[in-house]
Amino acid sequence: MSECKCSMSISVLGDGCRYCQPQDHIDRLADALAEETALADHAEELAKLLEKLRDGGDNALSVYWHDIDKALTNYREATK
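Residue numbering note: each chain is counted from 1, following its sequence as written. Totals for whole chains, interfaces and linings use every residue, but because this is a predicted model, local features are given only for residues with pLDDT of at least 70 and side-chain atom pairs only at 80 or more, for both listing and counting. The side-chain figures draw on all heavy atoms in the structure; neither hydrogens nor water molecules are used.

**Side note on the confidence of the model for the protein**
The predicted structure's coordinates, where accompanied by low pLDDT, should not be read in detail. Confidence in the prediction for the protein averages 81 pLDDT; 86% of positions are at 70 or higher. Residue-level confidence of the predictor is summarised by pLDDT, bounded by 0 at the bottom and 100 at the top. Helix numbering and strand numbering both begin at the N terminus, where a helix is a DSSP run of H or I of at least 4 residues and a strand a DSSP run of E of at least 2. Mean pLDDT values over the elements of the protein span from 76, in helix α3 (residues 60-78), up to 86, in helix α2 (residues 22-55).

**Comments concerning the state of the cysteines**
Any two cysteine sulfur atoms lying within 2.5 Å of each other are counted as a disulfide. A full pass over the atoms with the stated rule returns zero disulfides. Looking at Cys-4, it has no disulfide partner, and the nearest cysteine sulfur is the one in Cys-20, 3.7 Å off. The cysteine Cys-6 is free of any disulfide, with Cys-4 supplying the nearest cysteine sulfur at 3.8 Å. Judged by its relative accessible area of 27%, Cys-6 is partly exposed. Exposed residues in this analysis have more than 50% of their type's maximum accessible area, buried residues have under 20%, and partly exposed residues fall in between, with area computed by a 1.4 Å probe over protein chains only.

**Section: a negative patch on the surface**
A surface patch of negative charge is lined by Asp-27, Asp-31, Glu-35 and Glu-36. With respect to the helices, strands and loops of the structure, Asp-27 is situated in helix α2. By definition, no residue in a patch forms a salt bridge, and every one has over 30% relative accessible area; like charges are joined within 9 Å, nonpolar side chains (Val, Leu, Ile, Met, Phe, Trp, Tyr) within 5 Å. Surface exposure here means Shrake-Rupley accessible area, sampled with a 1.4 Å probe, where a residue is shielded only by the protein chains that are shown. Whenever Lys or Arg places a side-chain nitrogen within 4 Å of a carboxyl oxygen from Asp or Glu, that contact is recorded as a salt bridge. Working convention for charge: Lys and Arg count positive, Asp and Glu count negative, and His plus the chain ends are omitted. Note on charges: their place is set at NZ of Lys, CZ of Arg, CG of Asp or CD of Glu.

Shown next as structure tokens:
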């Protein structure tokens, strides 16, 4: 396993690597995982609404349009 190669000043300032600042590294990984999970949830919601639209016939567009628009808005906000 590699060890920290950061200078003392980088390590002390908290901008170090996963070895000298392990909690910061864990926090960054947790944040990234939360973002990816949110994106996956939005995409899954959108896919379910599109399946309902596909299976709902002609009236489905008007019934599900609001839900689809909301899901797309959520997805776009999450991907900014």
